[in-house]
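# Results of the structural survey
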Amino acid sequence: MILLDSVTKKYSGDNSPALDSVSLHIEPNEFVFLVGKSGAGKSTLIKMITKEEVPDSGKIIIGGIDLDYVKKKHIPGYRRRLGVVFQDFKLLPRRTVYENVAFALEIAGMSGKEIAKTVPKVLELVDLSDQAKKFPSQLSGGQKQRVSIARSVARQPKILIADEPTANLDRLTTEEIIQLLKKINDFGTTILVTTHNENIVNNLQKRVVTLADGKIVNDQKNNGIYKLDGTPAPKMPTRTIQTPGHALKKPAGKTNVKRII
């Protein structure tokens, strides 16, 4: 689903690469935390996936699409295949909750009839049905992030990237947002979350990939815990977290590489 093969990126003026021969393979329907200190390379890796930046060397294949063949004019179309959630929400202040979600579907070319059918279902998923007519200024931080998530999943992307989605939220709201992301993962969406929050990583115990100085120094495939270096992780007791939703089976078979030309 997400494949980086020996990806290197160095910015002009920097002494060392932001990413240094990084190889990473994330399977369909995985939930992965990406952790590391500030400057470790997390943001650059995310920008590689969204094609905000291009590598100096290496190969990137996302959802079967070889990014080498995604021309500049097709980048917006490629990005619409992804769901992206930011820490600062990026909502349209003069549009209601309903209109913010609907707008994402409008630019994707969905008909008015389809939008009217889809938006209420998505707002129900994120528990915001009763907030549909409110504007962002009338919402709490947690509610704003739920709108952001609703907008990102409305097109049913196969991959959802959440870049520090709980950075500005309190502890309880943080837990609610992470549980929402887990529920979306249970429906079959591949989730990649960057975070500095040790508690949510340790509580969920999913796969944890650690970056340091532009390199992957630790990749805990199962029951991962928050680590900022490459020392072996101590074993943690398995904790099961119950969330609503029905899990979907992993897609079978190999991924076909596509070109967008």
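Look above for the structure.
What you see is a predicted model, and the numbers here were worked out from it, not measured in a lab.

Calculation notes
Residues numbered from 1 in each chain as written. Predicted model: local features only at pLDDT ≥ 70, side-chain atom pairs only at ≥ 80, totals over all residues. Heavy atoms only, no water. Helix = DSSP H or I, 4+ residues; strand = E, 2+ residues; numbered from the N terminus. Buried < 20%, exposed > 50% of the residue type's maximum accessible area, 1.4 Å probe, protein only. Areas by Shrake-Rupley, 256 points an atom, 1.4 Å probe, with all protein chains shown as cover. Axes fitted to C-alpha atoms, helices over the stretch in contact; angles between N-to-C directions. Parallel < 35°, antiparallel > 145°, perpendicular 65-115°, else oblique. Left-handed = near helix turned anticlockwise from the far one by under 90°. Contact = heavy atoms within 4.5 Å. Nonpolar A, V, L, I, M, F, W, Y, C, P; charged D, E, K, R; others polar. Pairing = 2+ DSSP bridges. Salt bridge = Lys/Arg side-chain N within 4 Å of Asp/Glu carboxyl O.

For the protein, the count of helices and strands is seven helices and ten strands. For the protein, buried positions account for 47% of its 261 residues. Within the structure as shown, the protein displays about 13600 Å² of accessible surface, and the carbon and sulfur contribution to it stands at 49%.

What follows concerns the packing of helix H3 (residues 97–106) against helix H5 (residues 141–153). Contact geometry of H3 with H5 gives a least axis separation of 8 Å together with a crossing angle of 30 degrees. Classified by the angle between their axes, H3 and H5 sit roughly parallel to one another. Here H3 and H5 pass one another in a crossing that is right-handed. Residue-level contacts link Val 97, Asn 100, Val 101 and Ala 104 of H3 to Val 147, Ala 150 and Arg 151 of H5. Per-class residue counts for the contact of H3 with H5 are five nonpolar, one polar and one charged.

Bringing the environment of Leu 92 into the picture now. Relative to the helices and strands, Leu 92 is located in the loop between strand S6 (82–86) and H3. Classification of Leu 92 by relative accessible area gives partly exposed; the value is 29%. C-alpha separation for the pair Leu 92 and Phe 103, spaced eleven residues apart in sequence, amounts to 9.3 Å. Once you skip the residues sitting within four places of it in the chain, Leu 92 turns out to touch Asn 100, Phe 103, Pro 136 and Arg 151.

Below, the discussion takes up the sheet that holds strand S5 (residues 65–66). Adjacent strands of a sheet pair through backbone hydrogen bonds, lying either parallel or antiparallel. With antiparallel pairing, the four strands of this open sheet are ordered in space as S2-S1-S4-S5. Each edge of the sheet is formed by a strand with only one pairing partner; in this case those strands are strand S2 (19–26) and S5. Bridging between strand S1 (residues 2–9) and S2 involves five bridges; their strand directions are antiparallel. Residue pairing for S2: Ile 2 is matched across the bridge by Ile 26.

If you trace the six strands from one edge of the open sheet to the other, you get S6-S7-S8-S3-S9-S10, paired in mixed fashion. In the strand order of this sheet, the two ends are held by S6 and strand S10 (215–220), each with one partner. The sheet shows a mean angle of 20 degrees between the axes of neighbouring strands, taken without regard to direction. Lying over the sheet, H5 contacts S6 and strand S7 (159–163), oriented at roughly 170 degrees with respect to S6. Where helix H6 (residues 171–186) meets the sheet, it contacts strand S3 (31–35), S7 and strand S8 (190–194), and its direction lies at approximately 155 degrees from that of S8.

A word on the packing of H5 against H6. Packing of H5 against H6 leaves a shortest axis separation of 10 Å and a crossing angle of 15 degrees. What the angle tells us is that H5 and H6 run roughly parallel. The two elements H5 and H6 meet at a crossing, and its hand is right-handed. Mapping the contact onto sequence places Gly 142, Gln 145, Arg 146, Ile 149 and Val 153 in H5 and Thr 173, Glu 176, Ile 177, Leu 180, Leu 181 and Ile 184 in H6. For the contact of H5 with H6, the class distribution of residues is six nonpolar, three polar and two charged.

Bringing the pattern of salt bridges into the picture now. Applying the stated rule across the entire model yields eleven salt bridges. With its nearest N and O atoms 3.7 Å apart, the salt bridge here joins Lys 9 to Glu 53. You can see Lys 9 sitting in strand S1 and its partner Glu 53 sitting in the loop between helix H1 (42–49) and strand S4 (57–62), a full 44 residues away along the chain. Judged by relative accessible area, which is 9%, Lys 9 ranks as buried. Here Glu 53 falls in the partly exposed class, since its relative accessible area comes to 23%.

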